[in-house]
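# Chain and residue survey
What follows is the residue order along each chain.
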Amino acid sequence: MSLFKSRKQKLAELEARVASAPVVRTPAEQAWRRFRKNRLAMTGAGLLVFLVLFVVIGSLTTPYNPDMVDLMSIRAAPSAKHLLGCDDLGRDLLTRLLYGGRISLSVGLASALLSMTLGTLIGTLAGYFGGWVDAFMMDFTDIVLTIPTLPLLMVVGSVFKPSPMFLVVMISVLNWTTTARLVRSRFLTLRTLDYARAARAIGARNGRIILFHLLPNSLGAIVVTATLSVGRSIIMESTLSYLGCGINPPTASWGNMLQSAQSTMATAPLTAIAPGALILLTVLAFNFLGDGLDDAIDPRRER
């Protein structure tokens, strides 16, 4: 009986030790816990989910054509038929907001993705190989930084009347420099660490070292930069469209909707308030998300 009790006591003690042992979490789990504690980041993520669902699902369910002109509904006030009213051509404002959001969000996301890819490629080559490769890449980056982005985009947009895809390329080729500099600085540090030297010592090729050792350790910073870049791309697209050098009517975007609202702001203020508010909320949401990811991924923070 005493033997049975001693075994039972040992088992209880073992269970107590296991229960009191510190929980070992992976870096991803630690980052997720830090991210969840950041209220602004969670607010930004929730707002982005809402906006994407609002734009995608709403544009599929609206009964109106975004380009359909209705002369009987010019500057109509909000009603059960037109929830946000109509613009100066009688087009349903809510429908144009939904379709314009698809364009603005698509341009912002695609521009950020392409600029992230370009910047990562250039920063990787410069930071890993160093020497004349680094000097050439950084000199090229400095040249791009000296280009007046908005005036150049206005000139190109006024000449070519860009489509959304062309606008994505235009924004991306001028918006990758921040990512390139960040990735370069990370690679300059990571390539000197012991695990990178060990990989080279056992004969690993440069491509394998970059893809499987250095790039994964830089991914967090790249994602944060890309997230913040989406907001800048949306503002750039909206600015160009507002100035008449971006998305051309009748295709709707939040930027050209603001341009069209200039003549109706006094009589139909929602035509300007609605697209402006959506641009503001979207950019704020991406900035909150980017700041939250930056705080969550930072390995120097406490668990």
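For the structure, see preceding data.
What counts, and at which threshold
Residues numbered from 1 in each chain as written. Predicted model: local features only at pLDDT ≥ 70, side-chain atom pairs only at ≥ 80, totals over all residues. Heavy atoms only, no water. Phe/Tyr/Trp six-rings, centres within 6.5 Å; stacked < 30°, edge-to-face > 60°. Helix = DSSP H or I, 4+ residues; strand = E, 2+ residues; numbered from the N terminus. Buried < 20%, exposed > 50% of the residue type's maximum accessible area, 1.4 Å probe, protein only. Lys NZ or Arg CZ within 6 Å of the ring centre and 35° of its normal. Core = buried A, V, L, I, M, F, W, Y, C linked by side-chain atoms within 4.5 Å. Contact = heavy atoms within 4.5 Å. Salt bridge = Lys/Arg side-chain N within 4 Å of Asp/Glu carboxyl O. 1 Å grid on protein atoms, 1.4 Å probe; cavity = no way out; pocket = protein on both sides within 12 Å on 5 of 7 lines; lining within 4 Å. Points joined across faces, edges and corners; volume = space filled by probe spheres on them. Nonpolar A, V, L, I, M, F, W, Y, C, P; charged D, E, K, R; others polar.

## Brief notes about the packing of aromatic side chains
Evaluation of the coordinates by the stated rule reveals four aromatic pairs. Ring geometry for W32 and F35: centres 6.0 Å apart, planes at 20°, overall stacked. Linking W32 with F35, this pair stays in helix 2 (residues 27–37), spanning three residues, or about one helical turn. Ring plane angle 90° and centroid distance 5.1 Å describe the contact between Y128 and F129, whose orientation is recorded as edge-to-face. For Y128, a relative accessible area of 7% corresponds to the buried category. Taking the ring centre of F212 as reference, the NZ or CZ of R208 above it sits at 4.8 Å.

## Quick look at the nonpolar core
Within the largest apolar cluster, 24 residues are counted, with the highest numbers of intra-cluster contacts made by F35, L97, L105, I234, W254 and F286. Every element with two or more residues in this core is listed here: helix 2, helix 3 (39–61), helix 4 (93–129), helix 10 (206–242), helix 11 (254–260) and helix 12 (270–297). Filtering out sequence-adjacent residues up to four positions away, W254 remains in contact with V55, L97, G100, G101, S104, L105, P275, L278, I279 and T282. Counting 20 residues, the second-largest nonpolar core is a separate cluster that includes I122, V144, W176 and C245.

## Notes on the pattern of salt bridges
Scanning all chains against the criterion turns up five salt bridges. The salt bridge involving R96 is made with D67; its shortest N-O contact spans 3.4 Å. In this pair, R96 sits in helix 4 while D67 sits in the loop between helix 3 and helix 4, placing the two residues 29 residues apart along the sequence. Under the relative-accessibility criterion, R96 is labelled buried at 3%. Residue D67 is classed as partly exposed on the basis of its relative accessible area, which comes to 36%. Between R181 and D142 there is a salt bridge whose closest N-O contact spans 2.4 Å.

## Overview of empty space enclosed by the protein
For the structure on display, the rule yields one cavity of 30 Å³ or more. In this structure, the largest cavity encloses a volume near 90 Å³. Lining the largest cavity, in full, are D87, D88, R91, L93, R96, N256, M257, S260, A261, T264 and T271. Listing elements by their share of the lining of the largest cavity, those giving two or more residues are helix 4 and helix 11. The dominant element in the lining of the largest cavity, judged by the number of residues it contributes, is helix 11, at three residues. The class makeup of the residues in the lining of the largest cavity is three nonpolar, four polar and four charged.

## Digging into unusual backbone geometry
Across the junction of P249 and P250, the peptide omega takes the value 10°, indicating a cis bond. Topologically, P250 is positioned in the loop between helix 10 and helix 11. In this structure, R75 is a non-glycine residue whose phi angle is positive, near 55°. Assignment of secondary structure puts R75 in the loop between helix 3 and helix 4. R75 sits in the partly exposed class, given a relative accessible area of 39%.

## With respect to helix 7 (residues 164–172)
Along helix 7, the residues that are buried comprise L167, V168, M170, I171 and S172. Check the buried side of helix 7 and you find it contacts helix 4, helix 6 (149–160) and helix 10.

## Considerations on the side chain of T120
Locating T120 in the fold gives a position in helix 4. If near-sequence neighbours (up to four positions away) are discounted, T120 is found in contact with T179, V183, L215 and I222.

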